[in-house]
Amino acid sequence: MIDKTKKYLVWQYTCIIFAISALLFVGCDSIYHYVITHNLEENLADYLNEEYREALDYNLNFHEEIHSSAADATMIQTFSYWILDSKIIHADQPEGTIGKELLDKVLRLDIADRELTRFKLKNQKEIWKFAALATSFTLKGQQGKIVVLMNMTPIEKFTHTYKKIGFIVLFVICLLSYFIALSLANRAIAPIVKMYHRQKDFVSNASHELKTPLGVLMAYSELIETKYGSNAEIDVIKDEVKNMSGLINDLLYLSKLDSLKTNVKRPPLDILSCLKETIKKFNALANDRKFPITLKTDKQNLTVSLSLGDLERILNVLIENALKYTPKDKHISLEADTDDKKVYIRVIDEGIGIEQKDIAHIFEKFYRADESHNRNISGYGLGLSIAKEIIEQNRGSISVISHPGKGSVFTVEFPAAK
Ligand code: ADP
């Protein structure tokens, strides 16, 4: 139980830490994009406006003008081109081969007014990345276009490196988050573990203390019985002592269950012989029933990794319940089957059945369905919770299908042993 809670907490904390880190990463990325890229794009828009204003003045004093300046991919630089009649009439462009290629590209560029466009140019193994903005203008009555460019290559490179580092940090956080979660879960669960152990110690000590007086009561009852012969009062005392002893044994067993090693790999056990033996034992005890308990299977051999003691305990609980909650003239049977991956054991009875509302609770400690139905049937509601814990510790599961008044089918599944 503690282990399950701890695993659940570790899983939850890991997810929370990872989700917070991922959100931070996405948040930082958005802020970065807004601050850097958005600002540069605004600068580009300002630059386009300046060029546009210059073009209006230029109208009066027209002459072609093309400037080339040194440029390299690592610098954030801006360039401008005025195009009239598919010809560049004014330019501020980079020199060298990139300048020529850019000129060519700008002339072919299909760009709408004020709409940011991005493009790449490959030049001498270097990839240049540009952001472009354009606006229409008129010069001497002719319609033209102004295109401004910004070399975004260094920013894109920086973004790429930044994202790579971000992903590495996220991956490290993901690994670390498990250990942080483990330490947080250990802290959170510490008081519960302490209380749980105290409670277990109490149950175990109280049960041991109660065993002696019950033993004395039983011994004296038997002594009185031998001295004065059996009578109804002594029988009641003996029955109650037996019930109490059963309860104490169950409580002791439950308190030990958690500390038993769960990951031990058991040798394969042939369950069929154990099923036959257990049925034989119960048929001998319940010889007042109209029909004996039967076993239906067409398999010769069914093996699971389970200890004989554990299988006997599970069968005892399920068969004892079937006997307790099934009238003496109704059938009880067991089935054993496999689909190669799993081995199934079913305990089927035609007894009183279980209401739908109780089915979800019958595996809880001390839960007894409908006390009015059960009043005359002894029990403390511990059998199924013990069976469930043993089954789950052995990587199995238990389920039930039941119809009130018609009977119940308890199905136990275990991984088949190879
Ligand atoms: P107990 O039988 O000692 O009360 P269990 O934990 O074995 O405790 O069972 C819990 C409850 O589940 C029982 O009180 C009973 O109401 C219901 N139950 C279990 N097995 C059967 C069954 N075969 N038929 C009908 N009810 C059952």
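Since this is a predicted model, take the numbers as computed values, not measurements.

Student: Sorry if this is basic, but what is going on with the sheet that holds strand β8 (residues 294-296) here?
Tutor: Read from one edge to the other, the open sheet built from five strands follows the order β8-β10-β11-β13-β12, with strand pairing classed as mixed. Strand pairing shows two members of the sheet lacking a second neighbour, β8 and β12 (397-403), which therefore form its edges. The average angle at which neighbouring strand axes cross in this sheet is 15°, direction not considered. Strand direction decides the pairing type here: β12 and strand β13 (residues 407-415), joined by seven bridges, are antiparallel. Note on β13: the bridge partner recorded for Ile 398 is Val 412. Together, β12 and β13 form the strand contacts of helix α9 (residues 383-393), whose direction differs from that of β13 by roughly 25°.

Student: Please explain the environment of Lys 145 as it appears in this structure.
Tutor: Looking at where Lys 145 falls in the secondary structure, it is placed in strand β6 (residues 142-151). Distance from Lys 145 to Thr 135, taken between C-alpha atoms, is 5.7 Å for residues 10 residues apart in sequence. Ignoring any residue separated from it by four or fewer positions in sequence, one finds Lys 145 in contact with Tyr 81, Trp 82, Ile 83, Ile 111, Asp 113, Ala 134, Thr 135, Ser 136 and Phe 137. From its side chain, Lys 145 meets the backbone oxygen of Ile 111 in a polar contact 2.7 Å long.

Student: What's the story with a nonpolar patch on the surface in this structure? I'm lost.
Tutor: Among the surface-exposed residues, Ile 168, Phe 171, Val 172, Leu 175, Leu 176, Tyr 178, Phe 179, Ile 180 and Leu 184 lie close enough to one another that they form a single nonpolar patch of about 880 Å² accessible area. Along the chain, the position of Phe 171 falls in helix α3 (residues 153-228). Residue class for Phe 171 comes out exposed when judged on its relative accessible area of 53%.

Student: Quick question: what am I supposed to make of the domain arrangement of the protein here?
Tutor: How large an interface is tends to be reported as the accessible area lost when its parts come together. When its domains are assigned, the protein resolves into domain 1 (2-160) and domain 2 (260-415). The straight-line distance from the C-alpha centre of domain 1 to that of domain 2 is 73 Å.

Student: Whenever I open this one, the environment of Ala 190 confuses me. Can you help?
Tutor: For Ala 190, the location among the structural elements is in helix α3. Between the C-alpha atoms of Ala 190 and Leu 254, which are 64 residues apart in sequence, the distance is 21 Å.

Student: Which parts of the structure should I look at to understand the packing of aromatic side chains?
Tutor: For any pair of aromatic rings, geometry is given as the distance between the ring centres together with the angle between the planes. Within the structure shown, the criterion is met by seven aromatic pairs. Residues Phe 25 and Phe 167 carry aromatic rings whose centres are separated by 5.1 Å and whose planes lie at 50° to one another, so their mutual orientation is tilted. Of the two residues, Phe 25 is situated in helix α1 (residues 2-58) and Phe 167 in helix α3; the sequence distance between them amounts to 142 residues. The buried category is assigned to Phe 25, whose relative accessible area is 17%. Summarising the aromatic geometry, the rings of Tyr 32 and Tyr 162 are spaced 4.6 Å apart at their centres and angled 25° between planes, so their arrangement reads as stacked. Of this pair, Tyr 32 sits in helix α1 while Tyr 162 sits in helix α3, and the two are 130 residues apart along the sequence. Tyr 32 gets classed as buried once you look at its relative accessible area, which sits at 10%. Pairwise contacts between aromatic rings join Tyr 32, Phe 158 and Tyr 162 into one cluster. The residue whose ring lies beneath Arg 313 is Tyr 253, and the NZ or CZ to ring-centre distance is 3.6 Å.

Student: I keep staring at the site of the ligand and nothing clicks. Help me out?
Tutor: In the region of the ligand, 20 residues are neighbours, and Asn 321, Tyr 325, Asp 349, Arg 368 and Leu 384 sit closest. Asp 349 is positioned such that a nitrogen or oxygen atom in its side chain is 2.9 Å from a nitrogen atom of the ligand. For the ligand, an oxygen atom lies 3.2 Å from a polar atom in the backbone of Ala 369. When the ligand sits alone it has 530 Å² of accessible area, and the protein chains cover 97% of it.

Student: Could you clarify how one ought to interpret the pairing of strand β10 (residues 332-338) in this entry?
Tutor: Across three bridges, β8 lies against β10 in parallel orientation. Paired with Lys 296 across the strands is Glu 335, a residue of β10. Here β10 hands over to strand β11 (residues 342-349) after three residues, with Asp 340 in that stretch at a positive phi of 80°.

Student: Please clarify how the sheet that holds β6 should be interpreted in this entry.
Tutor: Two modes of strand pairing occur in sheets, parallel and antiparallel, and in both the strands are linked by backbone hydrogen bonds. Spatially, the six strands line up as an open sheet ordered β1-β3-β2-β6-β5-β4, and their pairing is mixed. Of all strands in the sheet, those bounded by a partner on one side alone are β1 (65-69) and β4 (117-123). Across the sheet, the axes of successive neighbouring strands diverge by a mean angle of 25°, strand direction being ignored. Relative to β4, helix α2 (residues 96-108) is tilted by about 140°, and along the sheet it contacts β2 (78-84), β3 (87-94), β4, β5 (126-139) and β6. Sheet strands touched by α3: β4, β5 and β6. Its angle to β5, the strand with the most contacts, is close to 135°.

Student: Even after reading the chapter, I still don't get the side chain of Lys 238, so can you show me in this structure?
Tutor: Take Lys 238: it is sitting in helix α4 (residues 232-257). Within the local environment of Lys 238, its side chain forms a polar contact with the side chain of Glu 225, the two groups lying 2.9 Å apart. The residues touching Lys 238, leaving out its near neighbours within four places in the chain, are Met 218, Ser 221, Glu 222 and Glu 225.

About the cut-offs
- Residues numbered from 1 in each chain as written.
- Predicted model: local features only at pLDDT ≥ 70, side-chain atom pairs only at ≥ 80, totals over all residues.
- Heavy atoms only, no water.
- Pairing = 2+ DSSP bridges.
- Helix = DSSP H or I, 4+ residues; strand = E, 2+ residues; numbered from the N terminus.
- Axes fitted to C-alpha atoms, helices over the stretch in contact; angles between N-to-C directions.
- Contact = heavy atoms within 4.5 Å.
- Polar contact = N/O pair within 3.5 Å; in protein donor to acceptor, adjacent residues only side chain to side chain.
- Patch = residues over 30% accessible without salt bridge, like charges linked within 9 Å, V, L, I, M, F, W, Y side chains within 5 Å.
- Areas by Shrake-Rupley, 256 points an atom, 1.4 Å probe, with all protein chains shown as cover.
- Salt bridge = Lys/Arg side-chain N within 4 Å of Asp/Glu carboxyl O.
- Buried < 20%, exposed > 50% of the residue type's maximum accessible area, 1.4 Å probe, protein only.
- Domains from an automatic or database assignment.
- Phe/Tyr/Trp six-rings, centres within 6.5 Å; stacked < 30°, edge-to-face > 60°.
- Lys NZ or Arg CZ within 6 Å of the ring centre and 35° of its normal.
- Near = heavy atom within 4 Å.

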